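Residue-level structural notes
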Number of protein chains: 6
Amino acid sequence: MKQVSITRRARFNAAHKLWNEEWDEAKNFEVFGKCAHPNWHGHNYEVHVTVRGIIDEATGYFINFTDLKAIINEYVEEPLDHRNLNMDVPWLKGKQTSVENLVIGIWEQIEPIIATHGCTLERIRLYETENNYADYSGES
Amino acid sequence: MKQVSITRRARFNAAHKLWNEEWDEAKNFEVFGKCAHPNWHGHNYEVHVTVRGIIDEATGYFINFTDLKAIINEYVEEPLDHRNLNMDVPWLKGKQTSVENLVIGIWEQIEPIIATHGCTLERIRLYETENNYADYSGES
Amino acid sequence: MKQVSITRRARFNAAHKLWNEEWDEAKNFEVFGKCAHPNWHGHNYEVHVTVRGIIDEATGYFINFTDLKAIINEYVEEPLDHRNLNMDVPWLKGKQTSVENLVIGIWEQIEPIIATHGCTLERIRLYETENNYADYSGES
Amino acid sequence: MKQVSITRRARFNAAHKLWNEEWDEAKNFEVFGKCAHPNWHGHNYEVHVTVRGIIDEATGYFINFTDLKAIINEYVEEPLDHRNLNMDVPWLKGKQTSVENLVIGIWEQIEPIIATHGCTLERIRLYETENNYADYSGES
Amino acid sequence: MKQVSITRRARFNAAHKLWNEEWDEAKNFEVFGKCAHPNWHGHNYEVHVTVRGIIDEATGYFINFTDLKAIINEYVEEPLDHRNLNMDVPWLKGKQTSVENLVIGIWEQIEPIIATHGCTLERIRLYETENNYADYSGES
Amino acid sequence: MKQVSITRRARFNAAHKLWNEEWDEAKNFEVFGKCAHPNWHGHNYEVHVTVRGIIDEATGYFINFTDLKAIINEYVEEPLDHRNLNMDVPWLKGKQTSVENLVIGIWEQIEPIIATHGCTLERIRLYETENNYADYSGES
């Protein structure tokens, strides 16, 4: 009954900006710098979805990579790829579209789905650039 | 009098969309697909600037990497990083913000500057994603 | 009438071995070493397809990346991914499945198709490992 | 008595397929898709071996990277590189050659050896492609 | 009150050697091999600094990536980049400049600073080459 | 008689500094900046050696990758890895150890050897960091 984790990588390209509606422009630029540019900027995001389970002897796995890929496609790539994170994503409404909020949001979208496949979501890692990334493991 | 090339890599994060104002919405989506999403999307662009010259014996180079970095910063990163390529870049006005037009535009910005440093711009390579990139060498 | 090149990256996972039927086993191992292992080995191949053309002002490109991706899928990924290069690929029959022969074979499959899209195949690059790759530009 | 981990990366190129002998062909293709291709396919596998220990002041480490490299060479690269995972590896006989089973198998080969060097095997990570990888830390 | 981690990557280029002053030359070469070369060698080090905290709703983060970048610049890049790790770094004096000692030293420099920003240093990862890296999480 | 190119990647870790003995310290720091740090710094260099030839039908290649690897090992890795480029390399004596001079020097070491194998050295590419690299193709 050994526990293994597998990770699937996926990518999406999106526009966003950091902007707090309760602050004036000066405060927004002071806090967020160039990330507050009003006409948006964007990123090639890279997400790593890690799930944990017990291997089924007949198949050699606990979830097919093809199924995991389909879940990520439906719940991450379809709603986020070639979108504006501030304008187009219902579950980010009223929140900053920081990589930190985004990684939690992706966890919350995917976690209940993974749970129905007899395994456990272990971690979401989200790269915003080659130098910046965030991890969330469901801890509070 | 041996000729060597050196390349400096830089990066910028920008929003854009592909949209032809002379076409209606249906035609734009037919041609550009999800790249025509009206609320923008974005990329982590990666640019490789290659220059060619004859080594100066005293320094071991023909242009200091620090100077090349400063040129790329002034003419590529400053005008493009954390910007909207369709709205914020004068030299892209009236053109599609495709990676093909962008790589030519960067060449045209940088080429006259490089020429004043006693060396020759050889190639601009521009990555839009890990799977798509464009090269321009000034050929017509 | 500026000429730009674009490159699309794709990947396929295949089994192969190097083996010359006209040589005995000893000679095969002497020449090909572990690459002659009779039970096959395999690679994650990575192919970079570079095409050259003149930008159409209306679209900002000369071939849609989506079309180029579809061509590579049909002529490279479909016939080669999750295949045995020695057993399953008609156009490699009777040839060593070296990265050198493979890169020429991919050129010959794709070149006539690219030509029908109003642009020119410029180069195929094929990575066999992170340390070994081959380039072919149609030169003889 | 601070605990540090070090990781050594290694690579091997192997052929394999997913196939359950107790199922007929139709069932195998239904479950494993193209991974069941009878003539094999293959991968450039990349393994990351992480060990944990207490630094020896005289050397600045607890196991020499050179020794760790030699262990990985003997127990991972020698038996797996340029091999067929289904046919040539005794400790995979009767098991699916999935990345999940493979990462556990590598752990079981290496763990007793690492233990004789005064340190602890912490994790094996195994990449099958740039998009798919598995981790095992000995948990049950 | 969800806990998220963010990681910032930075790089520095330094010279070093492994050499124990209490041993003679023969013993040093026997233990450290080519790493004991008396005229030094060097590396492009890559450091990943991971910090953990609770997101502030107003900003979408718990520490600004810009602030984290500045801390890494002051405490890691400034003292280590384009330096000799054996000769120029006070906090490495009397210690082997192994990647293991270096990752602990970086932790000890940065940890008290991170603590004043209302978050927690979770891990330092330090790559010496593409094949060798060390992790430290403050455990003893 | 098709011409193909193959490339082999190799790596070496070395110390160096930029320093012109005919200049005083102030001038050296003015020109070379932190690269003139007297106690040395270092890099993980990555070299790509590209050779061109006509495929032999019997083997599927014109030079065995194993032979090319051995040439690079003897003429590049052995003399440069874990060395001080300013002090330990006869063919760099009296020259700046810039990536530009280094790439030409590697060409001059390897070119006559490649010529004896019935093929042609086409290009040396040398990465000093992930952002800086040089190419030399023997042109003057």
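Residues numbered from 1 in each chain as written. Chains lettered and ligands numbered in written order. Predicted model: local features only at pLDDT ≥ 70, side-chain atom pairs only at ≥ 80, totals over all residues. Heavy atoms only, no water.

We now examine the arrangement of the chains. One finds no contact linking chain B with chain E; the least C-alpha distance across the pair is 14 Å. Left apart from each other, chain D and chain F have a closest C-alpha approach of 14 Å. (Contact = heavy atoms within 4.5 Å.)

Applying a rotation about an axis and a shift along it to one chain copy brings it onto the other copy. Between the two copies, chain B and chain A, the superposition gives an RMSD of 0.0 Å; the rotation angle is 180 degrees and the shift along the axis is 0.0 Å. Between the two chains, the operation in question is that of a two-fold axis. The overlap is high: 100% of the interface residues of chain B also sit at the interface in chain A, so the same surface is used on both sides. (Least-squares fit on C-alpha atoms with pLDDT ≥ 70 in both.)

The next point concerns the environment of Ala14(B). Relative to the elements of secondary structure, Ala14(B) occurs in strand β1 (residues 3-16). Exposure remark for Ala14(B): the relative accessible area of 0% places this residue in the buried category. Beyond its immediate stretch of four places on either side in the chain, Ala14(B) contacts His41(A), Gly42(A), His41(B), Gly42(B), His43(B), Tyr45(B), Leu80(B), Arg83(B) and Leu85(B). (Helix = DSSP H or I, 4+ residues; strand = E, 2+ residues; numbered from the N terminus. Buried < 20%, exposed > 50% of the residue type's maximum accessible area, 1.4 Å probe, protein only.)

Here we take up the interface of chain B and chain A. Counting residues at the interface gives 25 residues for chain B and 25 residues for chain A. At the boundary of chain B with chain A, the tally comes to six salt bridges. The closest approach of N and O atoms between Arg9(B) and Glu130(A), which form a salt bridge, is 2.7 Å. There are 19 residue pairs in polar contact (both at pLDDT 80 or more) connecting chain B and chain A. Broken down by secondary-structure element, the contributors of at least two residues to the side of chain B that touches chain A are β1, β2 (41-54), β3 (83-84) and α3 (85-88) of chain B. (Salt bridge = Lys/Arg side-chain N within 4 Å of Asp/Glu carboxyl O. Polar contact = N/O pair within 3.5 Å; in protein donor to acceptor, adjacent residues only side chain to side chain.)

Another aspect to go through is the confidence of the model for chain A. Mean pLDDT for chain A: 98, with 100% of residues reaching 70 or above. As a predicted assembly, this complex carries a pTM of 0.98 together with an ipTM value of 0.96. (pLDDT = per-residue confidence, 0-100.)

Positive phi is not limited to glycine here, since Trp40(C) has a value of about 80 degrees. Considering the arrangement of structural elements, one finds Trp40(C) in the loop between α1 (25-32) and β2 (41-54). At His82(F), a residue that is not glycine, the phi angle is positive and equals roughly 55 degrees. Among the secondary structure elements, His82(F) is positioned in the loop between α2 (65-80) and β3 (83-84). Exposure remark for His82(F): the relative accessible area of 6% places this residue in the buried category.

The next point concerns the side chain of Lys17(E). The topology assignment puts Lys17(E) in the loop between β1 (3-16) and α1 (25-32). Once residues lying within four places of it in the same chain are set aside, the contact partners of Lys17(E) are Cys35(E), Ala36(E), His37(E), Pro38(E), Trp40(E), His41(E), Asn86(E) and Thr97(E).

Take the packing of helix α2 (residues 65-80) of chain A against helix α4 (residues 99-115) of chain A next. Residues and elements named next belong to chain A. Where α2 contacts α4, the two axes come as close as 11 Å, and the packing angle between them is 150 degrees. Taken together, α2 and α4 sit at an angle that is classed as roughly antiparallel. Pair α2 / α4 crosses with right-handed handedness. In contact with Leu68, Ile71, Ile72, Tyr75, Val76 and Leu80 of α2, α4 contributes Ile106, Gln109, Ile110, Ile113 and Ile114. Broken down by class, the residue content of the contact of α2 with α4 amounts to ten nonpolar, one polar and no charged. (Axes fitted to C-alpha atoms, helices over the stretch in contact; angles between N-to-C directions. Parallel < 35°, antiparallel > 145°, perpendicular 65-115°, else oblique. Left-handed = near helix turned anticlockwise from the far one by under 90°. Nonpolar A, V, L, I, M, F, W, Y, C, P; charged D, E, K, R; others polar.)

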